[in-house]
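An overview of the molecular structure
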Amino acid sequence: MEDDTEIEVEEQESVPKELSTPLNRKIITEKSEAKPRTIPPPGIGQKIYEIDPSLLGFRQHLDYRYAQYKRMREEIDKYEGGLEVFSRGYEKLGFVRSEMGITYREWAPGAKSAALIGDFNNWNPNADIMNRNEFGVWEIFLPNNADGSPAIPHGSRVKIRMETPSGIKDSIPAWIKFSVQAPGEIPYNGIYYDPPEEEKYVFKHPRPKRPKSLRIYESHVGMSSPEPMINTYANFRDDVLPRIKRLGYNAVQIMAIQEHSYYASFGYHVTNFFAPSSRFGTPDDLKSLIDKAHELGILVLMDIVHSHASNNVLDGLNMFDGTDGHYFHMGSRGQHLVWDSRLFNYGSWEVLRYLLSNARWWLEEYKFDGYRFDGVTSMMYIHHGLQVGFTGNYNEYFGYATDVDAVVYLMLVNDMIHGLYPEAVTIGEDVSGMPTFCIPVQDGGVGFDYRLHMAIADKWIEILKKRDEDWKMGDIVHTLTNRRWMEKCVAYAESHDQALVGDKTIAFWLMDKDMYEFMALDRPSTALIDRGIALHKMIRLITMGLGGEGYLNFMGNEFGHPEWIDFPRGDQRLPNGVVITGNGYSYDKCRRRFDLGDADYLRYRGMQEFDQAMQHVEEKYGFMTSEHTYISRKDEKDRVIVFEKGNLVFVFNFHWNNSYFDYRVGCAKPGKYKIVLDSDDPLFGGFGRLDHNAEYFSFEGWYDDRPRSFMVYAPNRTAVVYALVEDEPKVVNDLELVEIPETVKPAAAEPVKESETDEESEALDS
């Protein structure tokens, strides 16, 4: 269809009986989505053995896993009309508006009776009784009023009252699209959200294309204001998005979107999976935020939680129909004792419908560009990764401890997302290192685009607890490069986890209480501050340079935010009688002081300027995804690391005292090199020891296993990036410009390769 056209769609006959009621629903077909979207059929799932022959020893498990995935695809095709239809459960369950009225359906097989109650019928449980089919789906149809208006007004409160095995229970509908906590009340109320057409937000900007290098600004809307308050979607749109763009990030990852009744859970104890958090504004406000990001060319990723759910009985899914095993596993298997939450039963047909539809809903309705799936390690193993130190032994991944149902769900959701939205990004938070995690599903993998490289942040904390003299260059390089071949990673030095109360950010580890006294430029610095600012920049750059194909930073950490995150909370009494003191429900530590990073009279500004320059250098050269990566030096004596990414040469001198004149560094390509990023630049809070107008010419001769080299000055505690200056046009007769042809072809793609041993390096030096 060339224009926006309303069409009526007949429901497919292959949909199971419990969801077979016809609906005349209107679909707006956008120009950009004129072609019908389909999900390709499963492949043969065998390429994983070509990529990693070591997996052949575990073929029985992996082939079984893929067979289970194919079986689910076949059954979904047979009973639901395909994964594309199955993932549109929100068009059948919950509240569905048609020209004739509103249909409400709810899967609650444990309920003995059900009624829809709310403001629209004065909360009368006898007014709108629901009927149950043989599959446990309750249903009611409310025809329009005589004047054609809907039976349930937009914005009114609704709940479902059920007689359950555990008594009478009023629940927020499981598929509710908005939920609000009234002032002074503890429980939430489900809201029937269906504004008039003229009030609905209309997207104006197309989704940006997925960038080759992903640079993510991890954010939380509520705590994104410099003021001690809960910030709004609108303020984030107007104040924070332009900052993200200016800093050079091309994606924003937003946490705590799905509604959660407990603010201090950071959004990880979800109660209403289809509802955006009402603390920050309305669903249309969120759409406006995402549309603005797209206008700026920024991808919007959602931190989605399908690993567990809030155990809140009043507001969430727990005991929804009065039974323990409704959406979740029964008994102890359905309880995450550390997180105090419920665990989904990924082998349940209706749970699959719910979660797959949820993943699609946010892409369809709000136009998110992808997800960071939280807690995937907890999903993939029955032990949830608790008290398990993964060593890399394949027996740890492919055995009885693996929850195959959960892995199959992850394969299905990645299949669905990438089939319908080929440009969408999926990132999995996996600390275990599950092989095949980032291999396409059709090749036998789990299907994620990226793994969150969590080991790097842990390694930096481990290193920061040591003296400078005990830092090992080889240990740093090994951790940054220790990832599976052909499986992409998002690297980060620290995320929100390290910024929470009970942990410490890198800036705090480096500078501690001195940050409160010596960050003003009109006051003398201290040795601790000088060291901290220098290493803060170096840690970030080497993490981005070697750690992965994507990079992530939590908001505020780019300038070394001086405060931790402490959500407003009261005193908490544990079952053993111990009282954990709260903070008087203060918002003072639940905000981001962006003004500190912007202040030109504070040293925070230099760290922010460096982070911005680092992002823009990556944008220009694309070094994170460069096919050419070579580590030529990791010198434990000099404390120097040298590596190449594309046409760039990175030189890190971690030594606390020693600066090196005429220091020789290897390179692949001949020519002139120039400085494109210098952590010692005064703009970045450095000492300006390097001349940025200097030119560095390579000379022939093998050094550090490289065919050429050039000489540099490497001041202590600095990171410098040198770029090959490509041949420039040459003036022939003052009128004509002739380009000098390239003398060297680009190097072929090489795997990451490390230099020889220290003894071999010393031999080369001599």
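Residues numbered from 1 in each chain as written. Predicted model: local features only at pLDDT ≥ 70, side-chain atom pairs only at ≥ 80, totals over all residues. Heavy atoms only, no water.

Quick look at the overall build of the protein chain now. Within the protein chain, the secondary structure is distributed over 16 helices and 38 strands. Here the protein chain has a C-alpha radius of gyration of 28 Å; the compact-globule value for 766 residues is 27 Å, and the two agree. The principal-axis extents of the C-alpha atoms in the protein chain amount to approximately 90 × 65 × 60 Å. Counting only residues that meet the buried cut, the protein chain has 57% of its 766 residues in that class. The contacts of the protein chain with a sequence gap of at least 6 include a subset with a gap of at least 24, amounting to 72%. On the protein chain, roughly 31,700 Å² of surface is accessible, and the fraction owed to carbon and sulfur atoms is 52%. (Helix = DSSP H or I, 4+ residues; strand = E, 2+ residues; numbered from the N terminus. Rg over C-alpha atoms; globule rule 2.2 N^0.38 Å. Buried < 20%, exposed > 50% of the residue type's maximum accessible area, 1.4 Å probe, protein only. Contact = heavy atoms within 4.5 Å. Areas by Shrake-Rupley, 256 points an atom, 1.4 Å probe, with all protein chains shown as cover.)

Here three strands make up an open sheet; going across it, the order is β30-β34-β33 and the pairing antiparallel. Strands at the two margins of the open sheet, each flanked by one partner only, are β30 (660-667) and β33 (699-703). Recorded for the sheet is a direction-independent mean angle of 55° between the axes of neighbouring strands. Note: β30 against strand β34 (residues 706-714), six bridges, orientation antiparallel. Each bridged residue has a counterpart across the sheet, and for Val 665 the counterpart in β34 is Phe 710. (Pairing = 2+ DSSP bridges. Axes fitted to C-alpha atoms, helices over the stretch in contact; angles between N-to-C directions.)

Moving on to unusual backbone geometry. In the Ramachandran plot, Ala 256 falls in the positive-phi region, its phi being about 60° despite a non-glycine side chain. Structurally, Ala 256 is set in the loop between β13 (251-255) and β14 (258-259). Given the relative accessible area of 4%, Ala 256 is considered buried. Phi at Phe 266 takes a positive value of approximately 65°, unusual for a residue other than glycine. Mapped onto the secondary structure, Phe 266 falls in the loop between β14 and β15 (272-276).

So, about the packing of helix α9 (residues 454-464) against helix α13 (residues 527-546). Where α9 meets α13, the axes come as close as 12 Å, and the angle between the chain directions of the two elements is 150°. As for the relative orientation of α9 and α13, their crossing is right-handed in sense. Two secondary-structure elements touch here, α9 through Ile 456, Trp 460 and Leu 464 and α13 through Ile 539, Ile 542 and Thr 543. When its residues are assigned to classes, the contact of α9 with α13 shows five nonpolar, one polar and no charged. (Left-handed = near helix turned anticlockwise from the far one by under 90°. Nonpolar A, V, L, I, M, F, W, Y, C, P; charged D, E, K, R; others polar.)

Our next topic: α13. For an α-helix the count is 3.6 residues per turn, leaving residues at separations of three or four pointing the same way. Taking 1.5 Å of rise per residue, 20 residues should cover 28 Å, and α13 covers 28 Å from first to last C-alpha, within 8% of that figure. Counting buried residues along α13, 17 of its 20 residues qualify, which places the element largely inside the surrounding structure. (Expected span 1.5 Å × (residues − 1).)

Generally speaking, soluble globular proteins have nonpolar side chains that are buried together. By size, the foremost hydrophobic cluster in this structure holds 180 residues, and its most contacted members are Tyr 327, Phe 344, Trp 362, Phe 368, Ile 542 and Phe 652. Setting aside residues no more than four positions away along its own chain, Ile 542 makes contact with Trp 460, Ile 476, Leu 480, Gly 547, Ile 641, Phe 643, Phe 652 and Phe 654. (Core = buried A, V, L, I, M, F, W, Y, C linked by side-chain atoms within 4.5 Å.)

Quick look at the UniProt feature "domain: Glycosyl hydrolase family 13 catalytic" (unreviewed entry) in the protein chain now. Taking the numbering used here, the UniProt-annotated feature "domain: Glycosyl hydrolase family 13 catalytic" (unreviewed entry) corresponds to residues 231-603. When the span residues 231-603 is considered, its composition is 33% helix and 13% strand, and the gap between its end C-alpha atoms is 26 Å. (UniProt positions renumbered as here; feature names shortened; annotations may be inferred.)

It is worth spelling out a nonpolar patch on the surface at this point. On the surface, a nonpolar cluster with roughly 270 Å² of combined accessible area is contributed by Val 501, Tyr 516 and Trp 564. Mapped onto the elements, Trp 564 comes out in the loop between β24 (550-554) and β25 (572-573). (Patch = residues over 30% accessible without salt bridge, like charges linked within 9 Å, V, L, I, M, F, W, Y side chains within 5 Å. Salt bridge = Lys/Arg side-chain N within 4 Å of Asp/Glu carboxyl O.)

Turning to the side chain of Asp 514, a few remarks are in order. By the element assignment, Asp 514 lies in the loop between α12 (506-511) and α13. No salt bridge is formed by the buried Asp 514. Its closest oppositely charged neighbour is Lys 513, at 5.1 Å. Filtering out sequence-adjacent residues up to four positions away, Asp 514 remains in contact with Met 519, Thr 526, Leu 528 and Ile 529. (Lys, Arg positive; Asp, Glu negative; His and termini not counted.)

Another point: the sheet that holds strand β7 (residues 137-143). In space, the four strands of this open sheet follow the order β3-β4-β7-β6, with antiparallel pairing throughout. What marks the edges here is a single partner per strand, and that holds for β3 (94-97) and β6 (131-132). In this sheet, β7 lies alongside strand β4 (residues 101-107) in antiparallel orientation, the contact comprising seven bridges. Its bridge partner being in β7, Trp 107 is matched across the sheet by Val 137.

What follows deals with the packing of helix α6 (residues 349-365) against helix α8 (residues 404-420). Where α6 contacts α8, the two axes come as close as 10 Å, and the packing angle between them is 30°. The angle between α6 and α8 falls in the class roughly parallel. Between α6 and α8 lies a crossing whose hand is right-handed. For the pair α6 and α8, contact is made by Leu 352, Leu 355, Leu 356, Ala 359, Arg 360 and Leu 363 and by Tyr 409, Leu 412, Val 413, Met 416, Ile 417 and Leu 420, respectively. For the contact of α6 with α8, a count of residues per class yields 11 nonpolar, no polar and one charged. (Parallel < 35°, antiparallel > 145°, perpendicular 65-115°, else oblique.)

Mapping Asp 691 onto the fold places it in the loop between β31 (672-678) and β32 (696-697). Note: C-alpha distance between Asp 691 and Asp 678 (13 residues apart in sequence) is 9.9 Å.

With that settled, consider the confidence of the model for the protein chain. Caution applies to low-pLDDT regions: their predicted coordinates should not be interpreted in detail. In this model, the protein chain carries a mean pLDDT of 90, and residues with pLDDT of at least 70 account for 90%. Counted against residues more than four places away or in other chains, residues 1-34, with its pLDDT under 50, gives 72 contacts. Within the model, pLDDT remains below 50 along residues 728-766, and this stretch shows 52 contacts once partners closer than five positions in the same chain are excluded. (pLDDT = per-residue confidence, 0-100.)

Overall, the coordinates contain 55 salt bridges when judged by the stated rule. Salt-bridge contacts for Arg 207 lead to Asp 369; the nearest nitrogen and oxygen are separated by 3.6 Å. Of the two residues, Arg 207 is situated in the loop between β11 (188-191) and β12 (214-220) and Asp 369 in the loop between α6 and β20 (370-373); the sequence distance between them amounts to 162 residues. Through salt bridges with shared partners, a single ionic network connects Asp 52, Asp 430, Arg 451, Arg 484 and Glu 487.

This part takes up the packing of aromatic side chains. Applying the stated rule across the entire model yields 52 aromatic pairs. Where Phe 328 meets Phe 344, the ring centres are 5.1 Å apart and the plane angle is 40°; that geometry is what we call tilted. Of this pair, Phe 328 sits in the loop between β17 (309-310) and β18 (335-336) while Phe 344 sits in the loop between β19 (341-342) and α6; the two residues are 16 residues apart in sequence, bridging distant segments of the chain. With respect to burial, Phe 328 and Phe 344 carry one shared label: buried. Over the ring of Phe 274 we find Lys 177, and its NZ or CZ is 5.7 Å from the ring centre. The ring centre of Tyr 366 lies 5.3 Å from the NZ or CZ of Lys 287, which sits over that ring. (Phe/Tyr/Trp six-rings, centres within 6.5 Å; stacked < 30°, edge-to-face > 60°. Lys NZ or Arg CZ within 6 Å of the ring centre and 35° of its normal.)

For the rest of this paragraph, the subject is the environment of Asp 681. Tracing the backbone shows Asp 681 in the loop between β31 and β32. Judged by its relative accessible area of 17%, Asp 681 is buried. Each C-alpha atom, one on Asp 681 and one on Pro 242, is 25 Å from the other, the two residues being 439 residues apart in sequence. Setting aside anything within four residues of it in sequence, one finds Asp 681 in contact with Gly 686 and His 692.

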